[in-house]
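A look at the structure
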Amino acid sequence: MPSPLRIRRLPLAGWVALCWAISAFSTLRAHLGLPGMPTGLPAPPAWRWAVIAVAVAAAVVACRLIRTRPLLALCLLATAPVALILAVGHDGLANGEDQLLAQFLLGADIVLGYLVATRPPWTWAVALVPILGALPVTLRLGDLPQAWTGWTAFVVLPLVVALLLGYSIRQAHDYALRLSEQAAAQSVMAERLRISRELHDHVAHSVGVIALQAGAAARVIGTQPERARDSLLHIESTSRETLAGLRRMLSGLRMPHDEDAPLRPAPTLADVGDLVRSAEGSGVDVRVDWAGRRRPLPADVELSAYRIIQESLTNVLRHADAATCRISVEYRSADLRIEVVDDGHGPHHGGSADGGFGLIGLHERAALLDGALTAGARAEGGFRVAAHLPIDPGDPGGPGEARAGADRT
């Protein structure tokens, strides 16, 4: 027995076609030679069968146009049964015209609900005209007495139900969309605030160092010019590094109400070992592979790389149910490459530990550095987060230790 999740739902056009097929069968059953049906009815002439064929073809076309041209599809579904019923004739119908037309109009009512849920309000008023006018036109062209009670019961009431259901779906969709937009905006704003706090740490430290070095140079410039020169060179180096960070994170703005936020030293890639030890304490085998020449990077690049690894490990621990996790950090001349791969079943909510928005913050971090980040399930199983963060060749870096290969932390 197939799983319920694999059973495809009948599409909207399928429901309309089903309603129309049942209604057409009810209308034509007296001429189909079925057992139990009256016999001796005169066969309709060829032109009547031609009208019936055109009406059925119009219904087929309408079913194909529901998603793209719902208003046109509704008009066809409301007018085609009028032609079909009149072509069969009063004597050839097994039921009354009002009852048969009401069955046909159920398909039009389904399209009306879809129209109300997805299209602008002016289309609703246009759609009401063919539905409300179908029965009076049929009775008048067939020279039959008006049945206002049947019109109200068989046409108006289903139409009102379709309007209410479509409008309820529209309201629910709009409300869900607003909630999603608000949640995404709040998540992005929260991440921007975190970035601005970390940028504050970096800038405050750099400006403090510059002030101290400038004061020292001013005091000794007359007596110890070499020492003053060293201080000025240090000021130049620190200033260049700070300006490079400001250029990459210019959009990290600080909100006034967040002035009292706690400030902490920004973590770097040197602190990844603490993350790994914490993850292994939770039962996950974590391996870190370092490639390239490890060296000090600009503070904002180090911090963003650390946060990407931290969030990826958090997802592995909370949602992936993984046994192993591999972290690759590759130092290149122009950028830093990071990859976090696990063998779990993948996190829920788009790979985020906080309900779907953790990766939004990581994308924001990478974008602020003119980098890129991708995340998603792997074909061979597990989940993968990959990022590359550009490094300004003019940024100062130090002669870091050269270490390539794999470190088991």
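Residues numbered from 1 in each chain as written. Predicted model: local features only at pLDDT ≥ 70, side-chain atom pairs only at ≥ 80, totals over all residues. Heavy atoms only, no water.

Digging into the packing of helix α2 (residues 46–65) against helix α3 (residues 70–88)
To keep it simple, the criterion reads: Axis lines are fitted through C-alpha atoms, for helices just across the contact stretch, and the angle between N-to-C directions can take any value from 0 to 180 degrees. To qualify as a helix, a DSSP run of H or I must reach at least 4 residues; to qualify as a strand, a run of E must reach at least 2; elements of each kind are numbered from the N terminus. Angular relationships are summarised with four words: roughly parallel below 35 degrees, roughly antiparallel beyond 145, roughly perpendicular across 65 to 115, and oblique for the angles in between. Crossings are sorted by hand: turned counterclockwise from the far helix by less than a right angle, the near helix makes the crossing left-handed, and turned clockwise it makes it right-handed. Throughout, a contact is declared for two residues whenever any of their heavy atoms are within 4.5 Å. Nonpolar residues are Ala, Val, Leu, Ile, Met, Phe, Trp, Tyr, Cys and Pro. Charged residues are Asp, Glu, Lys and Arg, and all others, Gly as well, are polar.
Interaxial distance between α2 and α3 falls to 8 Å at its minimum, and their mutual angle equals 160 degrees. Put simply, α2 runs roughly antiparallel to α3. Considering the relative orientation of α2 and α3, their crossing is left-handed. Along the contact surface, α2 presents R48, V51, I52, A55, V56, A58, A59, V61, A62 and L65, while α3 presents P70, L72, A73, L76, L77, A80, A83, L84, L86, A87 and V88. For the contact of α2 with α3, a count of residues per class yields 20 nonpolar, no polar and one charged.

Here we look at the nonpolar core
Test applied: The nonpolar core is taken to be a set of buried Ala, Val, Leu, Ile, Met, Phe, Trp, Tyr and Cys residues, with the residues joined through side-chain atoms within 4.5 Å. Remark: exposure states derive from per-residue accessible area (1.4 Å probe, protein chains only) relative to the maximum for the residue type, with buried under 20%, exposed over 50%, and partly exposed in between.
Grouped together as the largest cluster of nonpolar side chains are 42 residues, with contacts concentrated most on W20, L77, L105, L112 and I131. Mapped by element, the contributors of at least two residues to this core are α1 (12–28), α2, α3, α4 (97–118), α5 (122–141) and α6 (148–220). It is α3 that contributes the most residues to this core, eleven residues altogether. With sequence-adjacent residues up to four places away left out, L105 is seen in contact with A78, I131, A134 and V155.

Description of the environment of I308
Tracing the backbone shows I308 in helix α9 (residues 299–320). In this structure, the C-alpha to C-alpha distance between I308 and R365, residues 57 residues apart in sequence, is 8.6 Å.

Things to note about the environment of R365
In this fold, R365 is placed in helix α10 (residues 358–368). For R365, a relative accessible area of 3% gives the class buried. Between the alpha carbons of R365 and L389 there is a distance of 9.5 Å; along the sequence they are 24 residues apart.

Quick word on the packing of aromatic side chains
We count it as follows: Centres within 6.5 Å are what make two rings of Phe, Tyr or Trp a pair, Trp counting through its six-membered ring; a difference in plane orientation under 30 degrees is then read as stacked, over 60 as edge-to-face, and the rest as tilted. A ring has a charge above it when a Lys NZ or an Arg CZ is no more than 6 Å from the ring centre and no more than 35 degrees off the ring normal.
A complete count under the given rule lists three aromatic pairs for this structure. Here the aromatic rings of W124 and Y167 are separated by 6.3 Å at their centres, their planes lie at 80 degrees, and the arrangement is edge-to-face. Of this pair, W124 sits in helix α5 while Y167 sits in helix α6; the two residues are 43 residues apart in sequence, bridging distant segments of the chain. Over the aromatic face of W290 sits the side chain of R294, whose NZ or CZ is 3.6 Å from the ring centroid.

What about the pairing of strand β2 (residues 324–331)?
Spelled out, the test is: Pairing between strands is defined by DSSP: at least two bridges between the two strands are required.
Relative to β2, strand β1 (residues 285–291) is paired through seven bridges, and the arrangement is parallel. Its bridge partner being in β2, R287 is matched across the sheet by R326. Strand direction decides the pairing type here: β2 and strand β3 (residues 335–342), joined by seven bridges, are antiparallel. By the bridge assignment, E330 is partnered in β3 with R337. Joining the antiparallel neighbours β2 and β3 is a turn of three residues.

Side note on the pattern of salt bridges
Threshold: In the sections that follow, a salt bridge refers to a side-chain nitrogen of Lys or Arg positioned within 4 Å of a carboxyl oxygen of Asp or Glu.
The full count for this structure, using the stated rule, is six salt bridges. Of the charged contacts, one joins R326 and E339 as a salt bridge, the two residues approaching to 3.3 Å between their closest N and O atoms. Placement of the pair is R326 in strand β2 and E339 in strand β3, with a sequence separation of 13 residues. Between D335 and R337 there is a salt bridge; the shortest N-O distance is 2.8 Å. The class for D335 is buried, based on a relative accessible area of 10%. Among the ionic contacts, a cluster of salt bridges with common partners joins R326, E339 and R384.

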